[in-house]
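Residue-level structure breakdown
As a plain string of letters, each chain reads:
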Amino acid sequence: MATDDTIPITVEFSGGLELLFANQRKLTLSIPTYNENRTRSNIAFLVQHLCDNLMKDPRKDMFVLDGTVRPGILVLINEADWELEGEEKYEIQKGDNILFVSTLHGG
Amino acid sequence: MAPSLCAICATNRALILRPKDHSKLCKPCFVSVFETEIHHTITTNALFHRGEVIAIGASGGKDSTVLASVLKTLNERYDYGVELILLSIDEGIKGYRDDSLETVKRNALQYEMPLTILGYDELYGWTMDQVVEQVGKKGNCTYCGVFRRQALDRGAARLGVKHVVTGHNADDVAETVLMNLLRGDLPRLSRTTSIVTSTPSAVSSDPNSHTNIKRSKPLKYAYEKEIVLYAHHKNLDYFSTECIYSPEAFRGSARALIKNLERVRPSAILDVVRSGEDMAKLVPGSDEGCGGVCASAVAAAEEGEGGCGSSNGRTAGGEMASMEMHLAQNDLAAENGLEVEITSVPAKKGKKNKGQPPAPRKTTKQVMGQCKKCGYLSSQDVCKACVLLEGLNKNRPKHEIGVVDEAQEDSTSGVQGVTNGINKVNIQVD
Ligand SMILES: [Zn+2]
Ligand SMILES: [Zn+2]
């Protein structure tokens, strides 16, 4: 159950990125409201969290490169381009939908 | 951050940040602007004419799916009066194309377009599985790449269609510009930046010859990012597959460079495309030498465009196939060696003189003629596909021969020479 200590969110993967997450297109999960530095959890934290805890595929660099979301992967926060929302610094809110879409995959 | 309002309607919340000009748009305004810009690309370049039948090279991937959807919309909205059909290529790798071809079949129903799927076996007499059986895992990537480059043209010729459109986007073109720049290949850079390509001579007695096929790229100025966003916001049904990010090392690096540049300076992608076009005008004898003003500014189709696993394949169908095989081979070096050797057969003398400094490169245009065997545009007497087919058919048990007639003709001395080149290459690879 979500409490004040955690934030319930939805995370989606598409454009081929789901292949790195055991073919899961949609995840509902709760993340800690505050991370270890006592700051609000933001996208940077979420990305690290996904990488460390949910991504079983060893090819981490296809999702995260040089400590940030790999260039060529789009991030939509509640349908809005993350660049409109502060990118990695966006503080995650209850019920947020975060979508990661790869533009790098082929057909 | 406070939500921003759309720069066009000033009513809805902005969801899209356009890479080309940083404008912030809402979903409906973005969809409309995206479509309008492609309409402008089509009209300013006079890509289509009324009554034309146009085959969309369809792989089920994002680019060709968006292309099909947008062209259907525009054809109805602006009454182009063109007939759109879908053309897909099946390389003949067991199980490989199943999902993407299912997507194309759904697209055919969704967009009410007739669909033709042509296999390598129908086009060349060989499926990729058979090629692998014959040549082994090493080097089959070369076959797949070379065959794929001609597959859409050959397929269109079979259907009697004279115009093929592909889903190449601005990122693809920028990547190709960079690659040719880094290779110092300005003549090719000149050809590959062109929005329309076709055979210059276009003289063939056979009206269905694939030498008369025109190719164009209506999405040439569309960012890959916006193509993906368009597909997302329009809920388009497309298929993505495990594309490994670095197809061949060089192209992969060019790709990564483009994506990194975009992160820092989003306009860079279109800037590279424009630079490519400007450089193309400076190439002596270039088709665009007239500055693009000349009505016949149509570049020659590029046989060598894209390598194995190039982004071309992603839209034209087949990148993944070659890619998977590519990955299945651990001996990448040997395989790349094969690709290089075949490409450089005519230039061998120069390349082997290791002790001498390289001769200064001439930036004159390559003389593009027609393949003596199949008539396809080629800088050699015989095109790469026919050379490869010749090699394959020679070793095939007699009773199976005859599927590809043109490759069975008497060998000219030129063919023999090139074939010997292939044999040499095989020795080197093994
Ligand atoms: Zn708007
Ligand atoms: Zn040929």
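Now for a look at the structure at hand.

Reading the values: rules and limits
The residue numbers shown here count from 1 along each chain, following its written sequence. Whichever chain is written first becomes A and whichever ligand is written first becomes 1, with later ones labelled in order. Per-residue local features are limited, in this predicted model, to residues with pLDDT of at least 70; the limit for side-chain atom pairs, both in listing and counting, is 80 or more; totals at the level of whole chains, interfaces and linings are taken over all residues. Note that the side-chain values use all heavy atoms of the structure and ignore hydrogens as well as water. Every angle, taken between N-to-C directions, lies between 0 and 180 degrees, and every axis is a line fitted to C-alpha atoms, over only the stretch in contact when it is a helix. Secondary structure follows DSSP: runs of H or I at least 4 residues long count as helices, runs of E at least 2 residues long count as strands, and numbering of each begins at the N terminus. These descriptions rest on fixed angle ranges, namely under 35 degrees for roughly parallel, over 145 for roughly antiparallel, 65 to 115 for roughly perpendicular, and the rest for oblique. Here, residues are in contact when the closest pair of their heavy atoms is within 4.5 Å. Under the convention adopted here, Pro, Cys and the residues Ala, Val, Leu, Ile, Met, Phe, Trp and Tyr are nonpolar, Asp, Glu, Lys and Arg are charged, and Gly plus all remaining residues are polar. Expected helix span is taken as 1.5 Å per residue step, with the number of steps being one fewer than the number of residues. The buried label goes to any residue with under 20% of its type's maximum accessible area, the exposed label to any with over 50%, and the partly exposed label to all in between, with areas taken from a 1.4 Å probe on protein chains only. Our arc is simply the arc of the directions from the helix axis toward the C-beta atoms. Joining through side-chain atoms within 4.5 Å is the link that ties buried Ala, Val, Leu, Ile, Met, Phe, Trp, Tyr and Cys residues into a set, and such a set is a nonpolar core. Water is not among the atoms examined, so metal sites may look incomplete; donors are the N, O and S atoms within 2.8 Å of the metal, or within 3.2 Å for Na, K and Ca. Each label reflects the angles at the metal, where four donors whose angles all fall between 85 and 135 degrees are tetrahedral, four or six donors whose opposite pairs open beyond 155 degrees and whose other angles stay between 65 and 115 are square planar or octahedral respectively, and the rest are irregular. By the convention used here, strands pair only if DSSP detects at least 2 bridges between them. The quantity reported as buried area is the accessible area (1.4 Å probe) lost by two parts once they are put together, taken as the sum for both. Put simply, a salt bridge is a Lys or Arg side-chain nitrogen that is within 4 Å of an Asp or Glu carboxyl oxygen. Here a Phe, Tyr or Trp ring, Trp counted by its six-membered ring, pairs with any other such ring whose centre lies within 6.5 Å, and the pair is stacked when the planes are under 30 degrees apart, edge-to-face when over 60, and tilted otherwise.

1. Structural notes on the packing of helix 1 (residues 27-44) of chain B against helix 2 (residues 62-77) of chain B
All names here are of chain B. It is the contact of helix 1 with helix 2, at a shortest axis distance of 10 Å, that shows an interaxial angle of 75 degrees. Of the possible angle classes, the one that applies to helix 1 and helix 2 is roughly perpendicular. For the pair helix 1 and helix 2, contact is made by Phe 34, Glu 35, Ile 38, His 39 and Ile 42 and by Val 66, Val 70, Leu 71, Thr 73, Leu 74 and Arg 77, respectively. Looking at the contact of helix 1 with helix 2, its residues break down into seven nonpolar, two polar and two charged.

2. Let's talk about helix 10 (residues 249-264) of chain B
Residues and elements named next belong to chain B. In a regular helix each residue adds 1.5 Å, so 16 residues correspond to 22 Å; helix 10 covers 23 Å between its end C-alpha atoms and thus fits that length. Within the span of helix 10, buried status applies to Arg 251, Gly 252, Ala 254, Arg 255, Ile 258, Lys 259 and Glu 262. Down the axis of helix 10, the buried side of the element spans an arc of 160 degrees, and every buried residue falls inside it. Of the residues in helix 10, the exposed ones pointing more than 90 degrees away from the buried face are Ala 249 and Val 264.

3. Thoughts on the nonpolar core
Core analysis: the biggest nonpolar cluster contains 48 residues, and Phe 34, Phe 48 and Ile 56 of chain B have the highest contact counts within it. Secondary structure elements with two or more residues in this core: strand 5 (73-77) and strand 7 (97-102) of chain A together with helix 1, strand 3 (53-57), helix 2, strand 4 (83-90), helix 3 (98-110) and helix 9 (224-233) of chain B. With seven residues, the single largest contributor to this core is helix 1 of chain B.

4. A closer look at the coordination of the zinc ion (ligand 1)
All names here are of chain B. Binding of the zinc ion (ligand 1) to the protein goes through Cys 6 (SG), Cys 9 (SG), Cys 26 (SG) and Cys 29 (SG), at separations of 2.3 Å. Around the zinc ion (ligand 1), the four donor atoms are arranged such that angles at the metal cover 101 to 116 degrees; this shape is classified as tetrahedral. The sequence pattern describing where the donors of the zinc ion (ligand 1) fall on their chain is C-x2-C-x16-C-x2-C. You can see Cys 9 sitting in the segment before strand 1 (16-17) and its partner Cys 29 sitting in helix 1, a full 20 residues away along the chain.

5. Notes on the sheet that holds strand 6 (residues 80-81) of chain A
Residue and element names in this part refer to chain A. Reading across the sheet, the five strands line up as 2-1-7-5-6 and stay open at both edges, with mixed pairing between neighbours. In this open sheet, the two strands that pair with only one neighbour each are strand 2 (26-32) and strand 6. Sheet analysis places strand 5 next to strand 6, joined by two bridges and oriented antiparallel. Across the sheet, residue Ile 77 finds its bridge partner in strand 6, namely Ala 80. Lying over the sheet, helix 1 (residues 43-54) contacts strand 1 (6-14), strand 2, strand 5 and strand 7, oriented at roughly 115 degrees with respect to strand 2.

6. So, the interface of chain A and chain B
Counting from both sides, the interface comprises 33 residues of chain A and, opposite them, 32 residues of chain B. Roughly 2,800 Å² of surface becomes buried between chain A and chain B when both sides are summed, with 56% attributable to carbon and sulfur atoms. There are three salt bridges connecting chain A and chain B. Between Arg 13 of chain B and Glu 85 of chain A there is a salt bridge; the shortest N-O distance is 2.7 Å. Elements supplying a minimum of two residues to the side of chain A that touches chain B: strand 4 (68-69), strand 5, strand 6 and strand 7 of chain A. Grouping the constituent residues of the side of chain A that touches chain B by class yields 15 nonpolar, 11 polar and seven charged.

7. Examining the packing of aromatic side chains
On inspection of all chains with the given rule, the structure shows 12 aromatic pairs over all chains. With a centroid separation of 5.4 Å and 85 degrees between ring planes, the pair formed by Phe 21 of chain A and Phe 63 of chain A is classed as edge-to-face. Of this pair, Phe 21 of chain A sits in the loop between strand 1 and strand 2 while Phe 63 of chain A sits in the loop between helix 1 and strand 3 (64-65), placing them 42 residues apart in sequence. The interplanar angle of 85 degrees and the centroid separation of 5.5 Å between the aromatic rings of Tyr 120 of chain B and Tyr 124 of chain B together place this pair among those described as edge-to-face. Here the residue Tyr 120 of chain B and the residue Tyr 124 of chain B both occupy positions in helix 4 (residues 120-124), the gap between them amounting to four residues, near one helical turn. We classify Tyr 124 of chain B as buried; its relative accessible area is 0%. Members of the aromatic cluster, each reached through a chain of ring pairs, are Phe 13, Phe 21, Phe 63 and Phe 100 of chain A.

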